[in-house]
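# Geometric and topological summary
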Amino acid sequence: MPLKPVSLYNNYLNEDGSDYIEYSEDNATYKTAVEYFDRYPWAQELEAFEKYDESGGMNIYKGDPSNIYAVLNIYVVEKDKVSIAFDVRAKKGFLGLFGNVKVSKDIGYISFNEAKQVIRDVYELDEDQLCTKYA
């Protein structure tokens, strides 16, 4: 089964901390997501967080936020580690309430290689499988 495209969004502070630089791409492939992950200025964002008490991050969206979706939020937390927060809704419930299958998970501080595996999961697994794996 081919990898499913998703949308990417990332932002980071410019070097003097005065403004955010933003990037987004719809229907990005896994290869594109990993390339942007590798090129993202993680060290610069860690410095910005320590200096300005704010920083950007990388977000990956799959599906429709009003229905079935997966959202991955990635932020730098220390040298060579990121924090990932994950929201997945596998099934919209009856009347939007009953029977929802939704998982919100803070995966915690993980290495860049571990983060790339989570990104791969977003592409390779459907929303039901993501809920099961990260529940």
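You'll find the structure just up there.
Everything numeric in this text was worked out from a predicted model, so none of it was measured.

## Brief notes about the pattern of salt bridges
Should the charged atoms of two oppositely charged side chains come close, the side chains can pair. Within this structure, the stated rule accounts for four salt bridges. Between Asp 38 and Lys 116 there is a salt bridge; the shortest N-O distance is 2.7 Å. Pair noted here: Asp 38 is in helix 1 (residues 30-39) and Lys 116 is in helix 3 (residues 112-124), with a separation of 78 residues, a long-range link. Given the relative accessible area of 46%, Asp 38 is considered partly exposed. Taking the shortest distance from any N to any O, the salt bridge between Arg 120 and Glu 124 comes out at 2.6 Å. Here Arg 120 and its partner Glu 124 are both found in helix 3, four residues apart, which amounts to about one turn of the helix. Of the residues examined, Arg 120 reaches a relative accessible area of 25% and is grouped as partly exposed. Of the residues examined, Glu 124 reaches a relative accessible area of 33% and is grouped as partly exposed.

## Structural notes on the packing of aromatic side chains
A ring pair, where both rings are aromatic, is described by two values, the distance of the centres and the angle of the planes. Tallied over the entire structure, the rule returns eight aromatic pairs. Both rings, one in Phe 37 and one in Phe 112, keep their centres 5.5 Å apart while their planes meet at 85°; by these two values the pair is edge-to-face. Taken together, the positions of Phe 37 in helix 1 and Phe 112 in helix 3 put the pair 75 residues apart, joining distant regions of the chain. Relative accessible area serves as the criterion here: at 1%, Phe 37 is assigned to the buried category. Between the aromatic rings of Phe 86 and Tyr 134, the centroid separation amounts to 4.9 Å while the plane-to-plane angle is 65°, which identifies the pairing as edge-to-face. Of the two residues, Phe 86 sits in strand 5 (residues 81-91) while Tyr 134 sits in helix 4 (residues 127-134), which places them 48 residues apart along the sequence. In terms of burial, Phe 86 and Tyr 134 fall into one category: buried. Taken together, the ring pairs connect Tyr 12, Phe 37, Tyr 40, Trp 42 and Phe 112 into an aromatic cluster. For Arg 120, the ring lying beneath its charged end belongs to Tyr 30, and the centroid distance is 4.1 Å.

## Let's talk about the pairing of strand 1 (residues 6-13)
Examined bridge by bridge, strand 1 and strand 2 (residues 20-28) share seven bridges and lie antiparallel to one another. For Tyr 9, the partnering residue across the bridge sits in strand 2 and is Ser 24. What sits between the antiparallel neighbours strand 1 and strand 2 is a turn of six residues, in which Gly 17 has the positive phi angle 75°.

## Quick word on the packing of helix 3 against helix 4
It is at 8 Å that the axes of helix 3 and helix 4 come closest, and there the two elements cross at 145°. Here helix 3 contributes Val 118, Asp 121, Val 122 and Glu 124 to the contact with helix 4, which in turn contributes Gln 129, Leu 130, Lys 133 and Tyr 134. For the contact of helix 3 with helix 4, the per-class residue count stands at four nonpolar, one polar and three charged.

Rules behind the numbers
- Residues numbered from 1 in each chain as written.
- Predicted model: local features only at pLDDT ≥ 70, side-chain atom pairs only at ≥ 80, totals over all residues.
- Heavy atoms only, no water.
- Salt bridge = Lys/Arg side-chain N within 4 Å of Asp/Glu carboxyl O.
- Helix = DSSP H or I, 4+ residues; strand = E, 2+ residues; numbered from the N terminus.
- Buried < 20%, exposed > 50% of the residue type's maximum accessible area, 1.4 Å probe, protein only.
- Phe/Tyr/Trp six-rings, centres within 6.5 Å; stacked < 30°, edge-to-face > 60°.
- Lys NZ or Arg CZ within 6 Å of the ring centre and 35° of its normal.
- Pairing = 2+ DSSP bridges.
- Axes fitted to C-alpha atoms, helices over the stretch in contact; angles between N-to-C directions.
- Contact = heavy atoms within 4.5 Å.
- Nonpolar A, V, L, I, M, F, W, Y, C, P; charged D, E, K, R; others polar.

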